[in-house]
Structures are given as structure tokens and as C-alpha cells.
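Tertiary structure, described
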Amino acid sequence: MQDLDPVRARVLAEVAAAGDEAAIEAVRVTALGKKGEISLMMRELGKMSPEERQQAGPQLNALKDEINAAVTARRAALADEVLAKRLETEWLDVTLAPRPRQLGTIHPVSQVTDEVTAIFADLGFSVAEGPQVETDWYNFDALNIPPEHPARQEMDTFYMVRAEGDNRPPNVLRTHTSPVQIRHMEAHGAPCRVIAPGRVYRCDYDQTHTPMFHQVEGLAIDTDISMANLKWVLEEFCRAFFEVDGVELRFRASHFPFTEPSAEVDIRCSWAGGQLKIGEGDDWMEILGSGMVHPKVLAASGVDPEIYQGFAFGLGIDRIAMLKYGIPDLRAFFDSDLRWLKHYGFAALDMPTMHGGLSA
Ligand code: DAH
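The structure presented is a predicted model; accordingly, all values stated were derived computationally and were not measured.

With that settled, consider the domain arrangement of the protein. The figure often quoted for interface size is the accessible area lost as the parts come together. When the domains of the protein are assigned, the result is domain 1 (5-89) and domain 2 (108-344). For domain 1 and domain 2, the distance between their C-alpha centres works out to 87 Å.

Structure follows, in C-alpha cells:
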């Protein structure tokens, strides 16, 4: 058999010189492939005498192993080189300051809804919800507002359209959150203590009115609830919500079909210089309607008025947001102007709680 040393030297030099994966593979196939140089030499073993074979066999096997090992090592070295090159070009400076991101803000209506919910939760009220498209039964009749009642006209109701030939009274966009009272008592009975925040709709538009706005309904029913409880709860709420020492409320006798007696509550405020401030000035802003739930409303909800009584109120969320945060025009609430949202919005993780504070 020929001298293997020159073959070894040549093949190992070729492996060392191979510059990429394809070149290494070519060298390997030329040496160790089916028709490779070493493989052909191994085929010759069969023709040798036993003595020759005993000498040549181990030598060839050793060469084969050596070449395989060199190929594997070269492969690993090449992969390391490639990785090193990538690391060099793709490095990141993790100590760099991040690019500033556009941060969204929480809308004052959402913030105030959360604040109101936190305060009433503290007073033992849970949250109820109802649909925004409501039947005229829930929005009016069940609340003791029969079809001919003037309150139906005063509410500037948006009516939905019925399919032609469908003579049922049209559904409405709920004009207040009061229908949630009925739905809640129907489903859960008495006693109960809930608030129901949500969107309501009326055809009205000026500095303090928009066709869509927000109310929170309150309802507390039990065997022994009186007007005194109502007054205490509302005063307690206003003190907690406005976080201003001098909040002044005015309870005004009023009339709602669904309460008897009824009271509207105004809060002292000032519009001086176009700035809206609470707790000072000679103006009053109406923020809520309230009263003792009318027996007919209890009966319509399946609650026995001979046993149960209670109070209810409807509070304008947008109104108290304007007052608390000095926002003079309600219409801007719903313009989606990013500058306005940035100015009046709240930080996303600033969740109002009674223990952590309502607003930072
Ligand atoms: N639903 C009335 C409105 O939108 C507000 C209201 C008044 C709600 C008295 C009540 C209430 O629950 O007792 O004008």
C-alpha cells in the first residue's frame, strides 16, 4: 500500500483551508465519500494478503478517524467564526435609554366612574348593569311614567326604528340609568344596595349637555331605609369624592314619577373667569336627582311595597367630573382631541381606591 503520510498531510491541509460549510463537505466527500480517496483504498484491502491487510487496515481506519475529527473540529471553528461575526455586527447597548413611547391616558369619565365605584363599594354598594337599548317598559312604564306622562316628552328620547308592520312600541336609547333599578330588583329582589354606572342618551347639546352622557344610579332597598339614610349617603359621598373641605350641597324639593318624596341636589360652584370651581361662588350646579322609591316602582319590579322601602338617586358622572377637575365644557369630553385627553387624562395605572387615594 502506498505511503499514507502525504495523503494525510494533503487532506488535513485541505480541511484547514476550507472557508465554509460547503467547502468542508466537498473535502470530506472527496476523501471519505463512497468513491472518496480513502474509501477506494479501503476497498483494496480485500485483495491484500492477510499480513498486508493486518498492517494496512488499522492505518487506514486511523486516517479515516483523524480526517473525520479534523472535519468536525473545522465545522465547529467555522460556526464559532460566523457567530463571532454576528455578535460583532448585531450587538445591542442595553444601557441605552429607551425611545420615548406614546402613552395613552384614562379618560376623566372612566376615572370618575372608578372613583364613584370605589366610594360606594366602601359604603357597601355593589355594581349592576343594564342594556343601553331599552324597552319603553323598563325606561318608562315600570318607573311609573305612563305613555301620556309629560316626562316622556321632557326627556328628549331617541327612539329606535321597528321593522315595518311591527306595531310594538319602539325601543329607546335609555334616557337614564333608572331602568337598571327595575332589572336589578326583578332579578335579585330585596333587600339590595347597588349602583349602576353607564351611558345614557338624550337629544340635547350645549356647554353642559351632550346627546350621550353618563349617569350612575343608586338604589338601596330594605325594611327600614329612610330619607335620612339617603341624605347621609349623598353627603358622605360628596365629601369623599370632592376631597374639598368646603363642599356645600343644597337639597331642593322636586318631583320625579319614580320617587315620592323627591329631591334634587345642587352643589355650590363658581364659573368666574370661565373657570369652574366647587365650594365657592354664587352658582349652583345640579348634580343629581333622588328620592324614596315609589311603591308602584317596587311593585313593578316584584318587590312588596308593604314590606320594603328605600331610596334611589341618579347622579351625572360627567357633571361631577367637570366640577372636580375644573373642566368647563362638556362637549370636549367626547371630541377625542388628543391634546385634551393628554391634559385632562389620568395615568393608566392610577387606580382609585379609598385606601390609596382617589386621584393622584
Ligand atoms: N332618572 C333621573 C334623571 O335622569 C334621575 C333620578 C332622579 C334618578 C331620582 C333616581 C331618582 O333614581 O330617585 O333625570
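Over its 16 residues, helix α9 (residues 227-242) extends 22 Å from the first C-alpha to the last, a length consistent with the 22 Å expected when each residue adds 1.5 Å. If you check which residues of α9 are buried, you get Leu230, Val233, Leu234, Phe237, Cys238, Phe241 and Phe242. Each buried residue of α9 lies within a common arc of 135° when the element is viewed along its axis, so the set occupies one face. Looking at where α9 begins, the residue whose side-chain oxygen comes 3.1 Å from the main-chain nitrogen of alanine 228 is serine 226.

Counted by the stated rule, this structure contains eleven aromatic pairs. Between tyrosine 325 and phenylalanine 346 the ring centres are 4.9 Å apart and the planes differ by 70°, which places this aromatic pair in the edge-to-face class. You can see tyrosine 325 sitting in helix α11 (residues 317-325) and its partner phenylalanine 346 sitting in the segment after α12 (338-344), a full 21 residues away along the chain. With a centroid separation of 5.9 Å and an interplanar angle of 50°, the aromatic rings of phenylalanine 333 and phenylalanine 334 are classed as tilted. Following the ring pairs from residue to residue traces out a cluster consisting of Phe120, Phe125, Phe237, Phe241, Phe242, Phe311 and Phe313.

When charged atoms on two side chains of opposite charge get close, those side chains can pair. Applying the stated criterion across every chain, the model contains 22 salt bridges. Across the salt bridge formed by arginine 75 and glutamate 21, the nearest N and O atoms sit 3.0 Å from each other. Placement of the pair is arginine 75 in helix α4 (residues 50-89) and glutamate 21 in helix α2 (residues 21-32), with a sequence separation of 54 residues. The residue glutamate 235 makes a salt bridge to lysine 231 at a minimum N-O spacing of 4.0 Å.

Take the site of the ligand next. Taken together, 15 residues surround the ligand, and among them His176, Ser178, Arg202, Gln215 and Glu217 come closest. At 3.0 Å, a side-chain N or O of glutamine 181 approaches an oxygen atom of the ligand. Across the complex, the protein chains shield 92% of the 350 Å² of accessible surface that the ligand would expose by itself. The set of elements that each furnish at least two residues to the shell around the ligand consists of β5 (212-222), β9 (283-293) and β10 (309-316). Tallied by class, residues from the shell around the ligand come to four nonpolar, nine polar and two charged.

Cut-offs and rules
- Residues numbered from 1 in each chain as written.
- Predicted model: local features only at pLDDT ≥ 70, side-chain atom pairs only at ≥ 80, totals over all residues.
- Heavy atoms only, no water.
- Domains from an automatic or database assignment.
- Helix = DSSP H or I, 4+ residues; strand = E, 2+ residues; numbered from the N terminus.
- Expected span 1.5 Å × (residues − 1).
- Buried < 20%, exposed > 50% of the residue type's maximum accessible area, 1.4 Å probe, protein only.
- Arc of directions from axis to C-beta.
- Polar contact = N/O pair within 3.5 Å; in protein donor to acceptor, adjacent residues only side chain to side chain.
- Phe/Tyr/Trp six-rings, centres within 6.5 Å; stacked < 30°, edge-to-face > 60°.
- Salt bridge = Lys/Arg side-chain N within 4 Å of Asp/Glu carboxyl O.
- Near = heavy atom within 4 Å.
- Areas by Shrake-Rupley, 256 points an atom, 1.4 Å probe, with all protein chains shown as cover.
- Nonpolar A, V, L, I, M, F, W, Y, C, P; charged D, E, K, R; others polar.

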